[in-house]
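The residues making up each chain are set out below.
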Amino acid sequence: MIEVYTQKLDDVWFGVACDQGQIAATSFNVSQKMLLSNLLEIIPYSEPFQVFCKPSDFAKETLTNLKRIYCGENVNTIFPLAFASLPTYTQKVLKATLQIPVGFVTSYGEIAKAVGGSPRAVGNVMASNPFAPIVPCHRVVKTDLSLGGYGGGLKVKVEFLSREKRGFSTSKQVQVNKGAFKVFPAEHVLKNFV
DNA sequence: TGCAAACCATAAC
DNA sequence: GTTATGGTTTGCA
């Protein structure tokens, strides 16, 4: 039985779907209706689920952390994400995306170079990211440092990046399992929006 | 700039 | 199996 919890924190709804102590999906939205719709779309139709009004302790902690990420804070928590049910390639891309530090962005192509596959395929994984905003798909942009797309709307993507900017000025390398990819300061993207 | 073609993993049929 | 579909990228006019 998958347990679904939602909670409103400072005008934004956050939600988590828990499956046997693991996180099957997370999401956020200004409307609770949309949030539930997003979450339920992620969990398989065949899985029985129940929506709870009151969060469990674990859910409460997770939702609080989601909000902190949403606010642009550094959150070091390791979340028990349910990767096992996802395709291998999807897992690789999501795990690489997890390595992008707060205040930095990278491109679809950079991730593709690090984990294999094509930028297009990486975009597909982002588009169906079950763990927003834990997996920071908002930190992935196009090669020319223009935005690309975002599930929650481009405005939200920009807002995320401006809350996360840390004043970095130089790019750096991030190691993943096999390869490495380059990350750029979030400012490099934001400057196109002044 | 702008457009066409290559890209490649998924999901849906 | 096969096809359609992208949160892309690159090359070429």
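Residues numbered from 1 in each chain as written. Chains lettered and ligands numbered in written order. Predicted model: local features only at pLDDT ≥ 70, side-chain atom pairs only at ≥ 80, totals over all residues. Heavy atoms only, no water.

Enquirer: Please give an account of unusual backbone geometry that cites residues and values.
Expert: Cis geometry marks the peptide bond from alanine 132 to proline 133; its omega dihedral reads -5 degrees. For proline 133, the location among the structural elements is in the loop between helix 5 (119–127) and strand 6 (140–141). Residue aspartate 10 is not a glycine yet carries a positive backbone phi of 50 degrees. Secondary-structure assignment places aspartate 10 in the loop between strand 1 (2–9) and strand 2 (12–19). Taking the relative accessible area as the measure of exposure, aspartate 10 reaches 60% and is therefore exposed. One non-glycine residue, glutamine 20, lies in the positive phi region at around 50 degrees. Along the polypeptide, glutamine 20 turns up in the loop between strand 2 and strand 3 (22–29). (Helix = DSSP H or I, 4+ residues; strand = E, 2+ residues; numbered from the N terminus. Buried < 20%, exposed > 50% of the residue type's maximum accessible area, 1.4 Å probe, protein only.)

Enquirer: Which residues make up the nonpolar core, and what values go with them?
Expert: Of all hydrophobic cores here, the largest spans 44 residues; its most connected members are Phe28, Ile111 and Phe131. Not counting residues up to four positions away in its chain, the partners in contact with phenylalanine 28 are Val12, Trp13, Phe14, Leu35, Asn38, Tyr70, Ala132, Pro133, Tyr150, Val156 and Phe160. (Core = buried A, V, L, I, M, F, W, Y, C linked by side-chain atoms within 4.5 Å. Contact = heavy atoms within 4.5 Å.)

Enquirer: Before we move on, can you summarise the sheet that holds strand 5 (residues 104–107) with the specific residues and values?
Expert: If you walk across this open sheet you meet the four strands as 6-5-8-7, and the pairing is mixed. Edge positions in the sheet fall to strand 6 and strand 7 (172–175), since each of these pairs with one other strand and no more. As paired elements, strand 7 and strand 8 (residues 180–185) share four bridges and run antiparallel to each other. In the sheet register, lysine 172 faces strand 8, and the bridge partner there is valine 183. (Pairing = 2+ DSSP bridges.)

Enquirer: Could you give an account of the sheet that holds strand 2, naming the residues involved and the relevant values?
Expert: Hydrogen bonding along the main chain pairs the strands of a sheet, whether they run parallel or antiparallel. Taken in spatial order, the four strands make up an open sheet running 3-2-1-4, and their pairing is mixed. Taken across any chain shown, the strands that pair with only one partner, and hence form the sheet edges, are strand 3 and strand 4 (49–52). Taken over all neighbouring pairs, the strand axes of this sheet differ in orientation by 20 degrees on average, direction set aside. Pairing of strand 1 with strand 2 involves seven bridges; the strand directions are antiparallel. Of the residues in strand 2, the one forming a bridge with valine 4 is alanine 17. Sheet strands in contact with helix 1 (residues 32–42) are strand 1, strand 2, strand 3 and strand 4, and its direction is about 150 degrees off that of strand 3. (Axes fitted to C-alpha atoms, helices over the stretch in contact; angles between N-to-C directions.)

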